[in-house]
Structures are given as structure tokens and as C-alpha cells.
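Notes for the structure review
Each chain, written out:
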Amino acid sequence: MFSVTGFQERRRSKLGDPIYYFEELESTNTTAELLAREGCPEGTMVLGNCQSAGRGRKGAGWFSPAGLNLYFSLVLRPDTASLRFLPYIASLAVQRALQQIGIDADLKWPNDVLVDERKICGILIQTAMEDGRLLFAVVGFGINVNVLEFPAELQDVATSVALHKGSAEPREALLASLLLEFERLYETIDSVSWPEFVAEMEASSSYLRDCPVRILQEGVSLEGTTKGLDSFGGLRIQTAKGEKTVYAGEVLSCRKK
Ligand code: BTN
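This write-up is about the structure you can find in this document. (Residues numbered from 1 in each chain as written. Predicted model: local features only at pLDDT ≥ 70, side-chain atom pairs only at ≥ 80, totals over all residues. Heavy atoms only, no water.)

1. Concerning the environment of Lys 244
Relative to the assigned elements, Lys 244 resides in strand 11 (residues 242–246). Sequence separation of Lys 244 and Gly 224 is 20 residues, and the distance between their C-alpha atoms is 9.2 Å. (Helix = DSSP H or I, 4+ residues; strand = E, 2+ residues; numbered from the N terminus.)

2. Section: the sheet that holds strand 4 (residues 106–108)
Read from one edge to the other, the open sheet built from seven strands follows the order 1-2-3-7-6-5-4, with strand pairing classed as mixed. If you trace the sheet from one side to the other, it starts and ends with strand 1 (19–22) and strand 4, each paired once. Across this sheet, the average inter-strand angle for adjacent strands is 20°, counted without regard to direction. Bridge analysis of strand 6 (residues 118–130) against strand 7 (residues 133–143) gives 10 bridges, and the strand direction is antiparallel. Across the sheet, the residue bridging to Gln 126 is Val 138, located in strand 7. (Pairing = 2+ DSSP bridges. Axes fitted to C-alpha atoms, helices over the stretch in contact; angles between N-to-C directions.)

3. Some thoughts on the packing of aromatic side chains
Under the criterion given, the structure shown has 10 aromatic pairs. The cationic tip of Arg 255 hangs over the ring face of Tyr 207; the distance from NZ or CZ to the ring centre is 4.7 Å. (Phe/Tyr/Trp six-rings, centres within 6.5 Å; stacked < 30°, edge-to-face > 60°. Lys NZ or Arg CZ within 6 Å of the ring centre and 35° of its normal.)

4. What to know about the packing of helix 3 (residues 86–100) against helix 5 (residues 171–186)
How two helices pack is summed up by the angle between their axes together with the distance between the axes. The interhelical angle for the contact between helix 3 and helix 5, taken along N-to-C directions, is 135°, at an axis separation of 8 Å. It follows from the interaxial angle that helix 3 and helix 5 lie oblique. Helix 3 and helix 5 meet at a crossing whose hand is right-handed. Mapping the contact onto sequence places Leu 86, Ile 89, Ala 90, Leu 92, Ala 93, Val 94, Arg 96, Ala 97 and Gln 100 in helix 3 and Leu 174, Ser 177, Leu 178, Glu 181, Phe 182, Leu 185 and Tyr 186 in helix 5. Along the lines of polarity and charge, the residues of the contact of helix 3 with helix 5 split into 12 nonpolar, two polar and two charged. (Parallel < 35°, antiparallel > 145°, perpendicular 65-115°, else oblique. Left-handed = near helix turned anticlockwise from the far one by under 90°. Contact = heavy atoms within 4.5 Å. Nonpolar A, V, L, I, M, F, W, Y, C, P; charged D, E, K, R; others polar.)

5. Focus on the site of the ligand
Not every one of the 20 residues close to the ligand is listed here, only the nearest: Ser 27, Gln 51, Arg 55, Arg 57 and Lys 119. Take Thr 28: an N or O atom from its side chain is 3.0 Å from a nitrogen atom of the ligand. Lys 119 places a side-chain nitrogen or oxygen 2.5 Å from an oxygen atom of the ligand. When contributions to the shell around the ligand are tallied by element, the ones reaching two or more residues are helix 2 (28–37), strand 3 (70–76), strand 6 and strand 7. In terms of residue count, the dominant contributor to the shell around the ligand is strand 6 (four residues). Taken together, the residues of the shell around the ligand sort by class into six nonpolar, 10 polar and four charged. (Near = heavy atom within 4 Å. Polar contact = N/O pair within 3.5 Å; in protein donor to acceptor, adjacent residues only side chain to side chain.)

6. As for helix 3
In a regular helix each residue adds 1.5 Å, so 15 residues correspond to 21 Å; helix 3 covers 21 Å between its end C-alpha atoms and thus fits that length. Buried residues dominate helix 3, accounting for 12 of its 15 residues. Those residues of helix 3 not exposed but buried are Leu 86, Pro 87, Tyr 88, Ile 89, Ala 90, Ser 91, Leu 92, Ala 93, Val 94, Gln 95, Ala 97 and Leu 98. (Expected span 1.5 Å × (residues − 1). Buried < 20%, exposed > 50% of the residue type's maximum accessible area, 1.4 Å probe, protein only.)

Put into C-alpha cells, the structure is as follows:
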């Protein structure tokens, strides 16, 4: 069981209020999107103890067993121009919250959080636009906290806080500190300059600059070296045929181990 009261006692952010908690639901992103369309306040959080149809990027599912991990979605209404910050502040906030419990995480474009090169957190952002203006964004976080066993297809690519630390971690405190980190970053996005922010991101991710990579995009593969983020948040790649920028795709590291 997740203790909503325990979480509320620890919450220091405005984000995460109101909270809609479900013992089980299909997907926190789907429910958050419905609430957003009904006009719920910014900062509304949907949290599930279990998801029966957790969603990942590119139509994949998200492994969501009961009682072990964090699955939650925030409804946000940033300025349209600040939307490009969202994927990056979300992963930075997770990295900072993990740092506070002694875990050094790396960030892999666009917003995977890795520990020992394995995924510990995935982030799914959905947006609703009208006439080029952002109506709302739903930012969904799936964090592997206390799960110790993964299905076969995830065994070599996923990890959890408990597997890494060798002990269980209280989800309530981790969620409270993550929301505070996210809120601190979110409050800066209308004033921080993009180049300043990109420099911060590059310092936090070993993948963003000078990393040999292969990018998989719908069956097409692109090889090169990363050169940071462009002004829309795309990943710049120096390839043998010149510089290219990708806005979607799966990044694989080609670093020598
Ligand atoms: C990814 O593929 O890396 C993104 C995974 C995002 C999973 C989270 S779990 C909470 C929220 N609800 C969902 O259905 N998906 C996101």
C-alpha cells in the first residue's frame, strides 16, 4: 500500500495537490488527461499503486506491478514557448531526487534516467494544443523503486532503486522530494536562457555531447557523435554526411565499454 497520508505529510511542493490516488487504474496519464480536459488545476497529480495498462513511449507498455514502484502523472500548463524544457526538467528532477538517496543516475536523451546503463525511470509526456497554443501537458513518471524481478525482456535493460541499493526505499519520501526538485526547476523555465539550461543538461548527461551513438528511428539507423541540443530540444548528431538533428528515436550508446 502507498500511504497517501505519509506522502502528504512529507510534501513540500505545491505540485501534487490535489492528488487522485488509485489502488489500480489503467494508466495515470490517461486519467490525468481526462482531468486536464475537465479543467483541473495545474499541479494535479494522479498516482497509482498499480497500472493495468501502463503506457511507455512509442506505443510500448510500462511494467507496473502493484505496491512496489511509483507511477504518477502531473497536469501542467506552462507557456507554449517553455514546453521544450519539460522533458529535460522532468529527468533532471528524477536525477536530483535519486542523488539525495545516494544514487548517481545518468540521463539519456530524450528523458530516460539510467543507473549502471539500465533504465530506472521512464517519462511519458503528452500535450494538447489548440491553434498552436498549449492547452495542457501531462507528464507521467514511472520509477522502478522496490521491484526486484523484471519480466525476461527487461531483465538486462532495467533496474530499480532497491536492486541498486540492496534495500527497500519508502516511495512516499522519494515522491515528495522528486516533486520539490521538479517544482524548483519548473519555476525557472520562463526566466532561464535556453543555452544556460542546455549547458546544465549537458553537465548532467553523458549522452548529450561527444558521445558516439546509434539512433534508431522507425527502422532507420543513424550513426554519429552527439553535439548537444538544438533550440527546439532536438538532439544534434555529427554524422559522416554532416550534422543532423533528431526529434524522436531511441539512442544507443556506441561507447567502448
Ligand atoms: C518510457 O517508455 O520510457 C515512458 C514510460 C512512462 C511510464 C509512466 S508510468 C506513469 C505514467 N502512466 C503511464 O501510463 N505511463 C507513465
